[in-house]
Amino acid sequence: MTQDEMKKAVAQAALDRILPHLEDDMILGIGTGSTANFFIDALAEHKLRFDGAVASSEASAQRLQAHGIPVYDANSVSRLPFYVDGADEFDPHFNLIKGGGAALTREKIVAALSGEFICIVDSSKKVDVLGNFPLPVEVIPMARSYVARELVKLGGDPEYREGVTTDNGNVILDVYNLSITDPKAFEQQLNMITGVVTNGIFGHRGADVVLMGTPEGVQTLNKA
């Protein structure tokens, strides 16, 4: 299978996982990115079986609305039974790096609201240790240089993602040359830097299940 075929396969597998649980008043959490887009397109065929969605980005909200799926503000819900989204990397403990599409803060909010986080990826995203993919950090614009200097002190090589403004009006620093052996501790340490909104490590709220596309088909990986 090609990479796109694997993405479509895992999107369908995620849909198959939640279909038996859909209810008329149910609101789903929907992520951002190319694999999430495949899921949105597949979900649209069943839009009359649930109430709507909370989206982790304006782009996903627009795609959902184009399919006629109502989009709700996160403040209007207390819980989302499912959150379906991709990842840029995942490790054996289901810690993730996310934020390649600059939606990491809203993705963390939706994940925090969700009962089950279903991560849909292809096999290229599987790593032993996080950090090969540059770690996105969302930063208040006036703190960009200060935060970059602090990231250098922690051993990273930050690079400003030029031309990108998040849906929250902030900027992204992508941090290269990291080996993140303790994701939860490093996630917390980065978030303590003044000016950081959040970073792309999903350790304190990682995935509950990973559906991984491979050339041979979809593998379901359950958290130990």
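One numbering rule holds for all chains: residues counted from 1, following each sequence as written. A pLDDT threshold of at least 70 governs which residues receive local features in this predicted model, and a stricter bar of 80 or more applies before side-chain atom pairs are shown or counted, although totals over entire chains, interfaces and linings include all residues. Side-chain calculation: all heavy atoms of the structure are included, whereas hydrogens and water are not.

K.L.:
What should I look at first to understand the sheet that holds strand β10 (residues 196-199) in this one?
P.N.:
The strands making up a sheet associate through hydrogen bonds between their backbones, and the pairing can be parallel or antiparallel. When DSSP finds at least two bridges between two strands, those strands are taken to pair. To qualify as a helix, a DSSP run of H or I must reach at least 4 residues; to qualify as a strand, a run of E must reach at least 2; elements of each kind are numbered from the N terminus. The 4 strands are arranged β8-β9-β7-β10 in an open sheet whose pairing can be described as antiparallel. With partners counted over all chains shown, the strands left at the sheet margins are β8 (157-160) and β10, one partner each. Strand-to-strand twist across the sheet, computed as the mean angle between neighbouring axes with direction ignored, equals 30 degrees. The sheet contact formed by strand β7 (residues 135-139) and β10 spans 3 bridges and is antiparallel. Residue Val139 lies in a different strand from β10, and its bridge partner there is Val196. On top of the sheet, helix α5 (residues 144-153) reaches β7, β8, β9 (171-176) and β10; it is set at about 15 degrees to β9, its chief contact. Contacts are residue-level and defined by heavy atoms, with any inter-residue pair within 4.5 Å sufficient. Convention adopted: a line fitted to C-alpha atoms gives each axis, helices being fitted over their contacting stretch, and angles between N-to-C directions are expressed from 0 to 180 degrees. On the sheet, helix α6 (residues 183-191) packs against β7 and β10 and is oriented at approximately 165 degrees with respect to β10.

K.L.:
Help me understand the packing of aromatic side chains, please; the structure alone is not making it clear to me.
P.N.:
For any pair of aromatic rings, the description rests on two quantities: the centre-to-centre distance and the angle between the ring planes. Think of it this way: a Phe, Tyr or Trp ring, Trp meaning its six-membered ring, pairs with another when their centres are within 6.5 Å, and the plane angle makes it stacked under 30 degrees, edge-to-face over 60, tilted otherwise. One pass over the full model with this rule turns up 1 aromatic pair. Between Tyr83 and Phe117 the ring centres are 4.7 Å apart and the planes differ by 35 degrees, which places this aromatic pair in the tilted class. Taken together, the residues span a long stretch of sequence, with Tyr83 in strand β3 (residues 80-85) and Phe117 in strand β6 (residues 114-122) at a distance of 34 residues. In terms of burial, Tyr83 and Phe117 fall into one category: buried. As a reminder, the over-ring test applies to NZ of lysine and CZ of arginine, requiring each to be within 6 Å of the ring centre and within 35 degrees of the ring normal. Stacked on the ring of Phe202, the Lys or Arg Lys98 has its end atom at 5.6 Å from the ring centre. A cation sits over an aromatic face here: Lys108 above Phe202, 5.4 Å from the ring centre. For every residue, the accessible area obtained with a 1.4 Å probe (protein chains only) is divided by the maximum for its type, and the residue is called buried under 20%, exposed over 50%, and partly exposed between those limits.

K.L.:
Can you help me understand the nonpolar core in this one?
P.N.:
Soluble globular proteins: nonpolar side chains tend toward being buried together. Buried residues of nine kinds, namely Ala, Val, Leu, Ile, Met, Phe, Trp, Tyr and Cys, make up a nonpolar core once their side-chain atoms join them within 4.5 Å. By size, the foremost hydrophobic cluster in this structure holds 28 residues, and its most contacted members are Leu28, Ile30, Phe39, Ile118 and Ile120. With 6 residues, helix α1 (residues 3-18) is the single largest residue contributor to this core. In this structure, Leu28 is in contact with Ile18, Leu22, Leu43, Phe50, Gly52, Ala53, Val54, Leu80 and Phe82, ignoring residues within four places of it in sequence. The next biggest cluster of nonpolar side chains, apart from the first, holds 20 residues, and it includes Leu135, Val139, Val175 and Ile201.

K.L.:
I tried to follow the sheet that holds strand β4 (residues 89-90) on my own but got confused; where do I start?
P.N.:
Strands sit in the order β4-β5-β11 across an open sheet of 3 strands; the sheet is antiparallel. Both edges of this open sheet fall to β4 and β11 (201-202), since each of them pairs with a single strand only.

K.L.:
Even after reading the chapter, I still don't get a nonpolar patch on the surface, so can you show me in this structure?
P.N.:
Patch membership requires more than 30% relative accessible area and the absence of a salt bridge. Residues of like charge join within 9 Å; the nonpolar side chains Val, Leu, Ile, Met, Phe, Trp and Tyr join within 5 Å. We get accessible surface area from the Shrake-Rupley algorithm with a probe of 1.4 Å; when it comes to residues, only the shown protein chains can shield them. Just to be clear on terms, a salt bridge is a Lys or Arg side-chain nitrogen sitting within 4 Å of an Asp or Glu carboxyl oxygen. Taken together, the side chains of Ile140, Met142 and Val197 define a hydrophobic patch exposed on the protein surface, amounting to about 310 Å² of accessible area. Relative to the helices and strands, Val197 resides in strand β10.

K.L.:
Can you walk me through the side chain of Thr35 in this structure?
P.N.:
Among the structural elements, Thr35 can be located in helix α2 (residues 34-43). Its relative accessible area of 10% is what places Thr35 among the buried residues. Those residues within four positions of Thr35 in sequence are excluded, and the remaining contacts are Lys7, Val10, Ala11 and Ile120.

K.L.:
Explain unusual backbone geometry to me, please; I cannot follow it from the model alone.
P.N.:
Trans peptide bonds make up the majority, and among non-glycine residues the majority have a negative phi. In this structure, Phe94 takes a positive phi of about 65 degrees despite not being glycine. Positioned with a positive phi, Asn177 is a non-glycine residue whose angle comes to about 65 degrees. Mapped onto the elements of the fold, Asn177 is located in the loop between β9 and α6.

K.L.:
Is there a simple way to think about the environment of Arg79 in this case?
P.N.:
As for its placement among the helices and strands, Arg79 is situated in the loop between α3 (58-66) and β3. Note: C-alpha distance between Arg79 and Val175 (96 residues apart in sequence) is 32 Å.

K.L.:
Would you mind going over the packing of α2 against α3 with me for this structure?
P.N.:
What describes two packed helices is the angle between their axes and the distance between those same axes. Axis separation between α2 and α3 bottoms out at 10 Å; the angle between their running directions is 20 degrees. Classed by the angle they form, the pair α2 and α3 counts as roughly parallel. Crossing geometry of α2 relative to α3 is assigned as right-handed. Each of Asn37, Ile40 and Asp41 in α2 lies in contact with α3, whose residues at this interface are Ser60, Arg63 and Leu64. Residues are grouped as follows: Ala, Val, Leu, Ile, Met, Phe, Trp, Tyr, Cys and Pro are nonpolar; Asp, Glu, Lys and Arg are charged; all remaining types, including Gly, are polar. Here the contact of α2 with α3 is composed, by residue class, of 2 nonpolar, 2 polar and 2 charged. Oblique is the label for any angle not under 35 degrees, not over 145, and not in the 65 to 115 range, which are roughly parallel, roughly antiparallel and roughly perpendicular in turn. Throughout, a crossing is termed right-handed when the near helix is turned clockwise from the far one, and left-handed when it is turned anticlockwise from it by less than a right angle.

Function cannot be inferred from these measures alone, as they are strictly geometric.
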